[in-house]
Amino acid sequence: MIGYVIPALIILLVVYSLFKRVNVFTAFIDGAAESLPLLKTILPCLATMLIAISIFRSSGALDYLISLLSPLLSPLGLDPKLLPLILLRPFSGSAAVAVTTDLMATEGADSLVGYTAGVLMGASETIFYTLALYFGSIGIKKTRFTLPVALIASLVAVVTGIWFSNMFFPF
């Protein structure tokens, strides 16, 4: 049933545009043409961030950071296997999904690591991607309190996500 929602919306849009006598194709092309300057503004910010993440992972810096943090966080109930997810989630949603998929494939979706990874994916946001996209698209250079508050909210999401996972899914 849910597979019919998108086709139904498209048909509804076409019927509505026929009723209002709007040329859908021309309106679509005009909208796409108007978005190109915005894409020119956003694309450099996103490309730079994605390249930096790729370099960070490929250089081994992520693995080094994980090896430094693991002894400190393990006594707090944080499985070191979750650190790549926690560190990458604020930067890249696709990298976080890849890490989560790998964790669930290796550890099992119904393991504590799998549950916690799912909770962390749902409780946190790609902060830097969102800031680059929204602030970069309208040219805001000074984010004031946005970044610190978003990072604090992400930290709260990670801490409570781990706590709730350990509390509700004890293995």
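It should be noted that the structure appears before, not after, this text.
Below or above, wherever it landed, is the structure these notes cover. (Residues numbered from 1 in each chain as written. Predicted model: local features only at pLDDT ≥ 70, side-chain atom pairs only at ≥ 80, totals over all residues. Heavy atoms only, no water.)

### Considering the environment of Ile53
Spelled out, the test is: Strands are runs of DSSP state E lasting at least 2 residues, helices are runs of H or I lasting at least 4, and numbering of each runs from the N terminus. Working rule for contacts: check all heavy atoms of both residues, and any pair within 4.5 Å makes them a contact.
The residue Ile53 is located in helix H2 (residues 24-58) in this model. If near-sequence neighbours (up to four positions away) are discounted, Ile53 is found in contact with Leu88, Phe91 and Ser92.

### Focus on the layout of surface pockets
Over the atoms a probe the size of a water molecule is rolled, and this reveals where empty space is left. Rule in force here: Detection works on a 1 Å grid of protein atoms alone, calling trapped sets that fit a 1.4 Å probe cavities and calling open sets with protein on both sides within 12 Å along at least five of seven lines pockets, with lining residues defined by an atom within 4 Å of a point. Grid points are joined across faces, edges and corners, and a volume is the space filled by probe spheres set on the points. Under the scheme applied, nonpolar residues are Ala, Val, Leu, Ile, Met, Phe, Trp, Tyr, Cys and Pro; charged residues are Asp, Glu, Lys and Arg; polar residues are all the others, including Gly.
The volume enclosed by the largest pocket comes to roughly 240 Å³. Sorting the residues of the lining of the largest pocket by element identifies helix H4 (83-88), helix H7 (127-138) and helix H8 (146-168) as the ones contributing at least two each. Tallying contributions element by element places H8 first for the lining of the largest pocket, with five residues. In terms of residue class, the lining of the largest pocket is made up of twelve nonpolar, two polar and one charged.

### Some remarks on the packing of H2 against H7
The description of two helices packed together rests on the angle between their axes and the distance between the axes. To keep things clear, this is the line we draw: The axes used here are C-alpha line fits, helices contributing only the stretch in contact, and every angle between their N-to-C directions lies in the interval 0 to 180 degrees. When describing relative orientation, an angle under 35 degrees is termed roughly parallel and one over 145 degrees roughly antiparallel, while 65 to 115 degrees is termed roughly perpendicular and anything else oblique. Rotating anticlockwise by less than a right angle from the far helix to the near helix defines a left-handed crossing, while the corresponding clockwise rotation defines a right-handed one.
At their nearest, the axes of H2 and H7 sit 8 Å apart, and the two run at 155° to each other. Overall, the two elements H2 and H7 adopt an arrangement that is roughly antiparallel. The handedness of the crossing between H2 and H7 comes out as right-handed. Facing Leu38, Thr41, Ile42, Cys45, Leu46 and Met49 of H2, the residues of H7 in contact are Phe128, Tyr129, Ala132, Leu133, Gly136 and Ser137.

### Focus: the environment of Leu50
Locating Leu50 in the fold gives a position in helix H2. The sequence separation of Leu50 and Val22 amounts to 28 residues, and the corresponding C-alpha distance is 39 Å.

### Quick look at the packing of aromatic side chains
The condition is simple: Any two of the Phe, Tyr and Trp rings considered here, Trp counted by its six-membered ring, make a pair once their centres fall within 6.5 Å; the pair's planes then place it as stacked at under 30 degrees, edge-to-face at over 60, or tilted in between.
Using the criterion set out here, one finds four aromatic pairs in the structure. Considering the side-chain rings of Tyr115 and Phe169, the 4.1 Å spacing of their centres and the 5° angle between planes classify their relative orientation as stacked. Of this pair, Tyr115 sits in helix H6 (residues 112-123) while Phe169 sits in the segment after H8; the two residues are 54 residues apart in sequence, bridging distant segments of the chain. Both rings, one in Phe164 and one in Phe168, keep their centres 5.6 Å apart while their planes meet at 0°; by these two values the pair is stacked.

### Brief notes about the side chain of Ser124
Note the threshold: Partly exposed describes any residue whose relative accessible area lies between the buried limit of under 20% and the exposed limit of over 50%, with all areas from a 1.4 Å probe on protein chains only and scaled to the type maximum. Any N or O atom pair separated by 3.5 Å or less is treated as a polar contact, with the protein-specific requirement of one donor-capable and one acceptor-capable atom, and with residues adjacent in sequence counted only for side-chain atom pairs.
With respect to the secondary-structure elements, Ser124 resides in the loop between H6 and H7. On the basis of relative accessible area, Ser124 is assigned to the buried category, the value being 13%. In terms of polar contacts, Ser124 uses its side chain to reach the backbone carbonyl oxygen of Leu120, at 2.6 Å. Non-local contacts of Ser124, meaning those with residues more than four positions away in its chain, are made with Arg89 and Ser154.

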